[in-house]
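The primary structure of each chain is shown beneath.
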Amino acid sequence: MNSGPTTLENRLAIRTRPDGTNIGHMNWGKLLFMHWRVPVAALRPLVPERLTIDTHEGEAWVGIVPFTMWDVRPSYTPAIPGLSEMHELNVRTYVHYEGVPGVWFMSMDCNSLVAVRGARTFFHLPYYDAEMSLEEHGRTVEYSSRRTHGDAPPAEFRASYTYGEATGHAAPDSLDFFLTERYCLYSEHEGELYRLRIHHQKWPLRTATAVVHRSNLLEALGLPTPSGEPLLHYANAIEVDVWPLVRV
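Numbers given to residues run from 1 along each chain, matching the order in which its sequence is written. Given that this is a predicted model, residues contribute local features only at a pLDDT of at least 70 and side-chain atom pairs are listed and counted only at 80 or more, while totals for whole chains, interfaces and linings are drawn from all residues. Water and hydrogen atoms play no part in the side-chain values, which are based on all heavy atoms of the structure.

A.B. asks: Lay out the environment of Leu32 with the relevant residues and their values.
C.D. replies: A run of H or I in DSSP becomes a helix once it reaches four residues, and a run of E becomes a strand once it reaches two; helices and strands are each numbered from the N terminus. Considering the arrangement of structural elements, one finds Leu32 in strand β1 (residues 24-38). We classify Leu32 as buried; its relative accessible area is 0%. Sequence separation of Leu32 and Arg206 is 174 residues, and the distance between their C-alpha atoms is 9.6 Å. A contact between two residues is defined here by any heavy atoms of the two lying within 4.5 Å. Not counting residues within four places of it along the chain, the set of residues in contact with Leu32 comprises Ile64, Val65, Pro66, Tyr161, Ala208, Ala210, Leu232, His233 and Tyr234. Any residue under 20% of the maximum accessible area for its type is buried, any over 50% is exposed, and the rest in between are partly exposed; the area is computed with a 1.4 Å probe on protein chains only.

A.B. asks: Which residues make up the pairing of strand β12 (residues 231-247), and what values do they have?
C.D. replies: Across eleven bridges, β1 lies against β12 in antiparallel orientation. Note on β12: the bridge partner recorded for His25 is Asp241. Two strands are said to pair when DSSP picks up at least two bridges between them. Relative to β12, strand β10 (residues 192-199) is paired through five bridges, and the arrangement is antiparallel. Bridge pairing in β12 places Leu196 opposite Leu245.

A.B. asks: Which residues make up the environment of Asn10, and what values go with them?
C.D. replies: With respect to the element layout, Asn10 can be found in helix α1 (residues 8-13). By relative accessible area, which is 28% here, Asn10 ends up partly exposed. When the C-alpha atoms of Asn10 and His96 are compared, they prove to be 9.9 Å apart, with 86 residues separating the residues in sequence. When residues no more than four places from it in sequence are discounted, the contact partners of Asn10 are Gly99 and Pro101.

A.B. asks: For helix α3 (residues 113-122), give the residues involved together with the corresponding values.
C.D. replies: Those residues of α3 that fall on the buried side of the exposure criterion are Val116, Gly118 and Ala119. Residues of α3 that are buried in the fold lie against β5 (100-110) and β6 (127-137).

A.B. asks: How would you sum up unusual backbone geometry? Please name residues and give values.
C.D. replies: One non-glycine residue with positive phi stands out, namely Lys30, at about 50°. For Lys30, the position within the fold is in strand β1. In this model, Glu190 sits at a positive phi of 50°, which is unusual for a non-glycine residue. Structurally, Glu190 can be placed in the loop between β9 (184-189) and β10. Under the relative-accessibility criterion, Glu190 is labelled exposed at 73%.

On their own, these measurements won't tell you what the molecule is for.
Structure representation (structure tokens):
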């Protein structure tokens, strides 16, 4: 599908809280958005043809996003000790389907066996088992991940990132908004395309600096090693509600 770029109206509309009852709740935090420009042609083999690769001023982007999660649970039920906290590290790009913008995940590493099996089975997402750690020292986060999934390409990530001053909410027509304010994801299974909606408040973004000690996440997908420094955004914590997967 080669529909034109999604509109600002569509980007704002997807931020509204979906109808119906959410099925899950969680908190995301210590989250770093790392983004690089990437040629659309490099992404095209990794994204279903029915999805249009989303661009900002003609440029596509790929992101690496390390973060941690807590209070992960079904809606209106208490968290289960030992199953409600985990780390996640995803590689993502941006797409739209019939004008509805969202995220396409190319890999998602996680240190919860239950979460990996559940997300692969019920949401058709490319989750992989990994050994992961997060340590916080003041405003600095030390994050590491090593993929252990048996039938997946080996991948490692180790970085230190330090957050700075608050920058406020991203303006709707900005690159910051394009990269961070995303309220649905797409997945594919047996030729069918699915959309999953989420809802949260606007990202409370901060500046950040980072030192990447080791990363081959993009190379494991067949993407070129990025050149230049990434564009960085940090968010300390946000509450997220999740709705059921819907075929589109």
